[in-house]
Amino acid sequence: MPPLDEDEILARMRLNLVTGVGPRLQSLLLERFGSAAGVFRSSYDEKLAVEGLGQKLTSAISQSSLEAAREELDLCREHSIQLLLSGSADYPTGLAEIPDPPPILYCRGALEPGDNIAVGIVGSRHCTAYGMQQAERFARTLAGAGVTIVSGLARGIDAAAHRGALDTGGRTIAVSATGLLQVYPPEHKDLAARIAEQGSVVSESPLRRGATTRGIFPQRNRIISGMSLGVLIVEASRQSGALHTARHAMEQGRDVFALPGRVDSAASQGCLDLLKDGAILARHPDDILEGLGPLITPVTTSSDNVVHTPRELKLNDQERELLNLITSDPQHLDEILALTQIETPRALATLTILEMKRLVRRLPGGQIIRSV
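Note that the structure is predicted; figures quoted are calculated from it, not measured.

Visitor: Explanation requested: the overall build of the protein chain in the structure shown.
Guide: Along its length, the protein chain carries 17 helices and 14 strands. Since a compact globule built from 372 residues should have a radius of gyration of about 21 Å, the 23 Å found for the protein chain is in line with a globular shape. The C-alpha extent of the protein chain, read off along each of the three principal axes, is 75 × 50 × 35 Å. Among the 372 residues that make up the protein chain, the fraction classed as buried is 51%. Across the protein chain, contacts joining residues at least 24 apart in sequence account for 69% of those joining residues at least 6 apart.

Here it is, written out as structure tokens:
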């Protein structure tokens, strides 16, 4: 898709500012009229004929302010906020695959190709000390291995996950329900600033949209799961909003992991229910790396490693060097040994380790092939 001109960007922002016109309706309008500018060029009756648009929303779109969209764009420039538009080359790959991706994603900070290897970590705002410790532990270990941690900037488990990633120097993405100029909760303003420096804070909400807008928190959860390969629910009661994220993940074909907790704790009942219903048991961060399957397309990380599966992030330099010599076509063991500078006994031992990690497979006749 070629870069959009400023008129189309303004039209998209103008449409996004109309209360009640959510992502699915915006996508329907863009498909029907070919562009956001086409929506505003169309007649009242043409818009009214679109399924899901009644007279109230049609009037709201027709009467929306172009000047308000210009002010929004100026604010983005003033605060160094990037606009990621659905269909554009810089739009997050995983998010583009979900049924209702945000037509506009406001981004403070930067998204990197390696952020496609991401795990969502969410849970209760009213968490226990155990939940807080585990969220930090999982986030710290996964981020240290090269996984980007995605969460919702909320109190409790979300904040612990972000801090765990930050403290180890890893990357984290905060998906804010409110606009990026209305950080919520307000006491997380400094945390959001840290995240923007070491990752990014994103939102589909217009910049000044506050926490009182109906539905924005449950709607935000689909973005957390959409930007992740899988989602870990650390601690959740049966009424927890974190379970919405788990449901979105299931609908999007993402893996759902759950951390076990005390059987007599109300804070753990949602996780225990998920495990009973087939979620993957997560006792250690390695359970998540093992549970995540191969990537749809390989990703180049910040250290220039090409990664085909998250399990590769835990390899040492020698294991990675040898794995990079093995292709998806069968090769003879002697050919691989001739390509490496590693001493033969050590190379053979390393190949055995790669086989145990299910990254390579031995075939009859001394042939070796990459498993993923």
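Visitor: I'm lost on the packing of helix α9 (residues 157-167) against helix α10 (residues 189-198) in this one. Help?
Guide: When two helices pack together, you describe them by how their axes are tilted relative to each other and by the distance separating the axes. Put simply, α9 and α10 touch, their axes get as near as 11 Å, and they point 45° apart. Taken together, the axes of α9 and α10 are oblique relative to one another. When the axes of α9 and α10 are compared, the crossing they make is left-handed. Between α9, through Ala 159, His 162, Arg 163, Ala 165, Leu 166 and Asp 167, and α10, the contact on the second element is made entirely by Leu 191, Arg 194, Ile 195 and Gln 198. A per-class count over the contact of α9 with α10 returns five nonpolar, two polar and three charged.

Visitor: I would appreciate a short explanation of the packing of aromatic side chains in the present structure.
Guide: Two measures describe an aromatic ring pair: the distance that separates the ring centres and the angle between the ring planes. Evaluated as defined, the whole model comprises one aromatic pair. Residues Tyr 184 and Phe 217 carry aromatic rings whose centres are separated by 5.8 Å and whose planes lie at 65° to one another, so their mutual orientation is edge-to-face. With Tyr 184 in the loop between β5 (172-175) and α10 and Phe 217 in helix α11 (residues 216-226), the pair connects residues that are 33 residues apart, well separated along the chain. On the basis of relative accessibility, which here comes to 33%, the residue Tyr 184 falls in the partly exposed class. Residue placement shows Arg 14 over the ring face of Phe 40; its charged tip is 3.9 Å from the ring centre. It is Arg 32 that lies over the ring of Phe 33; its NZ or CZ is 4.8 Å from the centre.

Visitor: How should I be thinking about the environment of Ala 68 in this particular structure?
Guide: Looking at where Ala 68 falls in the secondary structure, it is placed in helix α6 (residues 66-78). For the pair formed by Ala 68 and Leu 17, sequence separation is 51 residues and the distance between their alpha carbons is 8.3 Å.

Visitor: Please explain the side chain of Gln 26 as it appears in this structure.
Guide: Assignment of secondary structure puts Gln 26 in helix α2 (residues 23-33). Here Val 21 takes part through its backbone oxygen, which lies 3.1 Å from a polar atom of the side chain of Gln 26. Apart from residues lying up to four places away in sequence, Gln 26 is in contact with Leu 15, Asn 16, Val 21 and Pro 103.

Visitor: Before we go on, may I ask you to explain α9 in this structure?
Guide: The periodicity of an α-helix, 3.6 residues per turn, causes residues three or four places apart in sequence to face the same way. Summarising burial for α9: nine of the eleven residues are buried, a large majority. Restricting attention to buried positions, one finds in α9 the residues Ile 157, Asp 158, Ala 159, Ala 160, Ala 161, His 162, Gly 164, Ala 165 and Leu 166. Residues of α9 that are buried in the fold lie against β3 (118-122), α8 (129-145), β4 (148-151), β5 and α10. One or two residues past the end of α9 sits Gly 169, with phi positive at roughly 80°.

Visitor: Help me understand the pairing of strand β13 (residues 360-363), please; the structure alone is not making it clear to me.
Guide: Look at any regular strand and the pattern is simple: side chains alternate between the two faces of the sheet. When β13 meets strand β14 (residues 367-370), the two strands line up antiparallel, connected through four bridges. Counted as the bridge partner of Arg 362 is Ile 368 from β14. Hairpin connection of β13 to β14: three residues between the antiparallel strands, including Gly 365 at a positive phi of 80°.

Visitor: Sorry if this is basic, but what is going on with the sheet that holds strand β2 (residues 104-109) here?
Guide: Strand pairing within a sheet occurs via backbone hydrogen bonds; the two strands may be parallel or antiparallel. Spatial strand order, β1-β2-β6-β5-β4-β3-β7-β8-β9: nine strands in an open sheet with mixed pairing. Whereas interior strands pair on both sides, the edge strands pair on one side only; in this sheet they are β1 (81-85) and β9 (280-281). In the sheet, β3 pairs with β4 via three bridges, with the strands oriented parallel. When the bridges of β4 are listed, Ala 118 appears paired with Thr 148. Sitting on the sheet, α10 is in contact with β2, β5 and β6 (200-203), with an inclination near 110° to β6.

Thresholds, definitions, all that
Residues numbered from 1 in each chain as written. Predicted model: local features only at pLDDT ≥ 70, side-chain atom pairs only at ≥ 80, totals over all residues. Heavy atoms only, no water. Helix = DSSP H or I, 4+ residues; strand = E, 2+ residues; numbered from the N terminus. Rg over C-alpha atoms; globule rule 2.2 N^0.38 Å. Buried < 20%, exposed > 50% of the residue type's maximum accessible area, 1.4 Å probe, protein only. Contact = heavy atoms within 4.5 Å. Axes fitted to C-alpha atoms, helices over the stretch in contact; angles between N-to-C directions. Parallel < 35°, antiparallel > 145°, perpendicular 65-115°, else oblique. Left-handed = near helix turned anticlockwise from the far one by under 90°. Nonpolar A, V, L, I, M, F, W, Y, C, P; charged D, E, K, R; others polar. Phe/Tyr/Trp six-rings, centres within 6.5 Å; stacked < 30°, edge-to-face > 60°. Lys NZ or Arg CZ within 6 Å of the ring centre and 35° of its normal. Polar contact = N/O pair within 3.5 Å; in protein donor to acceptor, adjacent residues only side chain to side chain. Pairing = 2+ DSSP bridges.

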